[in-house]
Amino acid sequence: MKGFTDALRMELEKEGAPLAVTLVRPAAIDTMFAVHARNYMDKEPALPPPVYAPEVVADAILYCAEHPKRDAYAGGASKMIAAGSKLMPALFDRYMNASMFKQQKSSRPRAPNRRDALYKPDPSTELRQRQGMPQNVHERSLYTNTSLRSSPLMTALVGGGALLAAFSVSRRLSR
């Protein structure tokens, strides 16, 4: 998506088109995605925490429609993943390999007659905005709000504080 978005942006700039293109990068969002997706796993799918409300993404999209930006991160976890993969790619790949595959599977076995919406909508599934995740859903993202509306320095301070908090929590949990 990043390559496509960058290429589209450059083509539009070359043509002088009066359009701006923003890549909005969401973290895990409490939508019906996992319910409607085709599942080839032995377990039902799950979204890795932290999970954010759909309004976090909607707010980022609306803000960028009025205030063009190159990239926007919906949820602080999205920015941490992007930063980790850019700053320490090999180490971050190992971390993601060790943690993300497990987090994308729930403890429930795959339903035997599970329906999906891969080729057409599933008429038996009600249309809802949210899946209703069993874990805590973050209704707001301080990082997203700050990165969209504040200076880069304030964004760096909020991001740094979040990293320190995450590090201290992980150290406490590992003891």
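The following refers to the structure shown. (Residues numbered from 1 in each chain as written. Predicted model: local features only at pLDDT ≥ 70, side-chain atom pairs only at ≥ 80, totals over all residues. Heavy atoms only, no water.)

### A short note on the nonpolar core
- Core analysis: the biggest nonpolar cluster contains seven residues, these being Ala 27, Ile 29, Tyr 52, Val 56, Val 57, Ala 74 and Ala 77.
- With near-sequence residues (within four places) excluded, Val 57 lies in contact with Val 24, Pro 26, Ile 29 and Ala 74.
- If you look at the next biggest cluster of nonpolar residues, it comprises six residues, including Ala 28, Leu 47, Val 51 and Val 137. (Core = buried A, V, L, I, M, F, W, Y, C linked by side-chain atoms within 4.5 Å. Buried < 20%, exposed > 50% of the residue type's maximum accessible area, 1.4 Å probe, protein only. Contact = heavy atoms within 4.5 Å.)

### Points about helix H4 (residues 76-87)
- For H4, spanning twelve residues, the distance from its first C-alpha to its last is 16 Å, which sits close to the expected 16 Å at 1.5 Å a residue.
- The secondary structure elements touched by the buried residues of H4 are strand S1 (23-26), strand S4 (51-52), strand S5 (71-74), helix H5 (89-103) and helix H6 (142-149). (Helix = DSSP H or I, 4+ residues; strand = E, 2+ residues; numbered from the N terminus. Expected span 1.5 Å × (residues − 1).)

### Regarding the environment of Asp 6
- With respect to the helices and strands, the residue Asp 6 is situated in helix H1 (residues 2-15).
- Here Asp 6 falls in the buried class, since its relative accessible area comes to 17%.
- When the C-alpha positions of Asp 6 and Asp 71 are compared, they lie 10.0 Å apart, and in sequence the two are 65 residues distant.

### Digging into the packing of helix H3 (residues 54-66) against H6
- Two elements in contact, H3 and H6, have axes whose closest approach is 10 Å; the angle formed by their N-to-C orientations is 5 degrees. Overall, the two elements H3 and H6 adopt an arrangement that is roughly parallel. Facing H3, whose interface residues are Val 56, Asp 59, Ala 60, Tyr 63 and Cys 64, H6 presents Thr 144, Leu 148 and Arg 149.
- Classifying every residue of the contact of H3 with H6 by side-chain character gives five nonpolar, one polar and two charged. (Axes fitted to C-alpha atoms, helices over the stretch in contact; angles between N-to-C directions. Parallel < 35°, antiparallel > 145°, perpendicular 65-115°, else oblique. Nonpolar A, V, L, I, M, F, W, Y, C, P; charged D, E, K, R; others polar.)

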